[in-house]
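Letter by letter, the chains look like this.
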Amino acid sequence: MFGGDEVVKAKAGGGSATLSMAYAGAEFANALLRALNGEQGVVQNAYVESSVVPDCTFFSTPVSLGPEGAEEIHGIGTINAYEEGLLADAIPDLQDQIKKGVDFVKNN
């Protein structure tokens, strides 16, 4: 909800959250255009509907892009026990946020 605030804090005054998000969007758009034009091996992180994380219908993972859009959703890779705990702790909030987003789309 306050991702921009977190970016500003992380950058410790070294830049704008808006600029960071704009750059990320531009990078993704450029990668998508390359894939749509037939370039092979284009992989970008994307927040997509998937079954990668049990109990989360959407998650952000690397996605192979191609002429038809998302071609393959990759897993989160190997994570250690500490990271597994962090993920488990985050799932209830992720589920709440996903529900809010899905409900918003259904109602608007």
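Criteria and cut-off values
Residues numbered from 1 in each chain as written. Predicted model: local features only at pLDDT ≥ 70, side-chain atom pairs only at ≥ 80, totals over all residues. Heavy atoms only, no water. Helix = DSSP H or I, 4+ residues; strand = E, 2+ residues; numbered from the N terminus. Buried < 20%, exposed > 50% of the residue type's maximum accessible area, 1.4 Å probe, protein only. Contact = heavy atoms within 4.5 Å. Core = buried A, V, L, I, M, F, W, Y, C linked by side-chain atoms within 4.5 Å. Pairing = 2+ DSSP bridges.

Trainee: Which residues make up unusual backbone geometry, and what are the values?
Mentor: Most peptide bonds take the trans form, and the phi angle of most residues other than glycine is negative. Unlike most non-glycine residues, Asp-55 shows phi in positive territory, near 75°. Residue position: Asp-55 is located in the loop between β1 (42-49) and β2 (58-66). Judged by its relative accessible area of 61%, Asp-55 is exposed.

Trainee: Residue-level account of the environment of Val-42, with values.
Mentor: Structurally, Val-42 can be placed in strand β1. Exposure remark for Val-42: the relative accessible area of 3% places this residue in the buried category. Considering only alpha carbons, one finds Val-42 and Pro-62, 20 residues apart in sequence, at a separation of 10.0 Å. Val-42 has contacts with Ala-31, Arg-34, Ala-35, Val-63, Ser-64 and Leu-65, leaving out every residue within four places of it along the chain.

Trainee: Can you break down the nonpolar core residue by residue, with the values?
Mentor: Of all hydrophobic cores here, the largest spans 7 residues; its members are Ala-31, Ala-35, Val-42, Ala-46, Val-48, Val-63 and Leu-65. Mapped onto this core, the elements with two or more residues apiece are α2 (17-36), β1 and β2. In this view, Val-63 contacts Val-42, Val-43, Gln-44, Ala-46, Val-48, Ala-70, Glu-72, Ile-73 and His-74; residues no more than four positions away in its chain are not counted. Counting residues in each nonpolar core, the second largest holds 6 residues, with Val-53, Cys-56, Phe-59 and Ile-98 among its members.

Trainee: A description of the pairing of β2 should follow, citing residues and the corresponding values.
Mentor: As paired strands, β1 and β2 are joined by 8 bridges and run antiparallel to one another. The residue of β2 that forms the bridge with Val-48 is Phe-59. Taken together, β2 and the strand that follows it, strand β3 (residues 69-73), pair antiparallel across an intervening segment of 2 residues.

Function-wise, these values are silent; they only describe arrangement.
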